[in-house]
Amino acid sequence: MEIEKKYLIKSLPQALDTFAYHLIEQGYLCTNPVVRVRRQDDDYYLTYKGGGMMTREEYNLPLNKEAYEHLIVKADGNIITKKRYLIPLDDDLTCELDIFEGIFAGLIIAEVEFQSEADALAFTPPAWFGEDVTFDPHYHNSYLSSMIL
């Protein structure tokens, strides 16, 4: 089960380049339900996500490079590329700060995952977070993949 909140960003945190990050490329084979393939650095995954906004089922299956390369060319719509910074927050939480590249350059979204819905609803974001867009489907990567640009 994935429980996460999404935020736009008012300003980038200081010393961003000191945090660990991943380079991500992903494409969607289907958006309802969500079936995604992702390359994260040198790891490859096939992911299924159920319906929902803040809380939904999520299953990740490992792929090898050859399987990923076979599937990514079958993706519908836009291929999404981004740099994901891992920024520690209070209460043992981590902000996954996605700075999009390519056709979505300029878009920046913070995601925070939680152990429970109660924890998510009680969360107070840091001052550098902006608008909470958790319940706005326009900020789901699956939606971005289907946008006509």
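Scroll up to find the structure.
Attention here is on the structure that accompanies the text. (Residues numbered from 1 in each chain as written. Predicted model: local features only at pLDDT ≥ 70, side-chain atom pairs only at ≥ 80, totals over all residues. Heavy atoms only, no water.)

Description of the overall build of the protein
Logical step 1: From N to C terminus, the protein includes 3 helices and 10 strands.
Logical step 2: What you see in the protein, going N to C, is helices and strands ordered as β-β-β-β-β-β-α-β-β-β-α-β-α.
Logical step 3: The C-alpha radius of gyration computed for the protein amounts to 15 Å, which stays within 12% of the reference 15 Å derived for 149 residues, consistent with globular compactness.
Logical step 4: For the protein, the C-alpha atoms occupy an extent of roughly 40 × 30 × 30 Å along the three principal directions.
Logical step 5: Counting every position in the protein, which comprises 149 residues, the buried fraction comes to 40%.
Logical step 6: Averaging the positions of the 13 positive and the 25 negative side-chain charges in the protein gives two centres separated by 5 Å. (Helix = DSSP H or I, 4+ residues; strand = E, 2+ residues; numbered from the N terminus. Rg over C-alpha atoms; globule rule 2.2 N^0.38 Å. Buried < 20%, exposed > 50% of the residue type's maximum accessible area, 1.4 Å probe, protein only. Lys, Arg positive; Asp, Glu negative; His and termini not counted. Charge placed at Lys NZ, Arg CZ, Asp CG, Glu CD.)

Structural notes on the nonpolar core
Logical step 1: Residues Leu89, Cys95, Leu97, Val112, Phe123, Trp128 and Phe129 are the most contacted members of the largest nonpolar core, which totals 18 residues.
Logical step 2: Counting residues per element, the ones that place at least two in this core are strand S1 (2-9), strand S7 (76-88), strand S8 (94-100) and strand S9 (108-113).
Logical step 3: With 3 residues, S1 is the largest single contributor of residues to this core.
Logical step 4: Residues in contact with Leu97, not counting those within four places in the same chain, are Ile9, Leu12, Pro13, Leu16, Lys83, Arg84, Tyr85, Ile87, Ile108, Ile109, Ala110 and Trp128.
Logical step 5: Counting residues in hydrophobic clusters, the runner-up holds 10 residues, among them Leu8, Tyr28, Ile80 and Phe100. (Core = buried A, V, L, I, M, F, W, Y, C linked by side-chain atoms within 4.5 Å. Contact = heavy atoms within 4.5 Å.)

Some remarks on the packing of aromatic side chains
Logical step 1: Going through the model one piece at a time under the given rule, you end up with 8 aromatic pairs.
Logical step 2: Centre to centre, the rings of Tyr7 and Phe129 are 4.9 Å apart; their planes meet at 50 degrees, and the pair counts as tilted. Of the two residues, Tyr7 sits in strand S1 while Phe129 sits in strand S10 (residues 129-132), which places them 122 residues apart along the sequence. In terms of burial, Tyr7 and Phe129 fall into one category: buried.
Logical step 3: Relative to Phe129, the ring of Trp128 has its centre 4.7 Å away and its plane inclined at 80 degrees; by these criteria the two rings are edge-to-face. (Phe/Tyr/Trp six-rings, centres within 6.5 Å; stacked < 30°, edge-to-face > 60°.)

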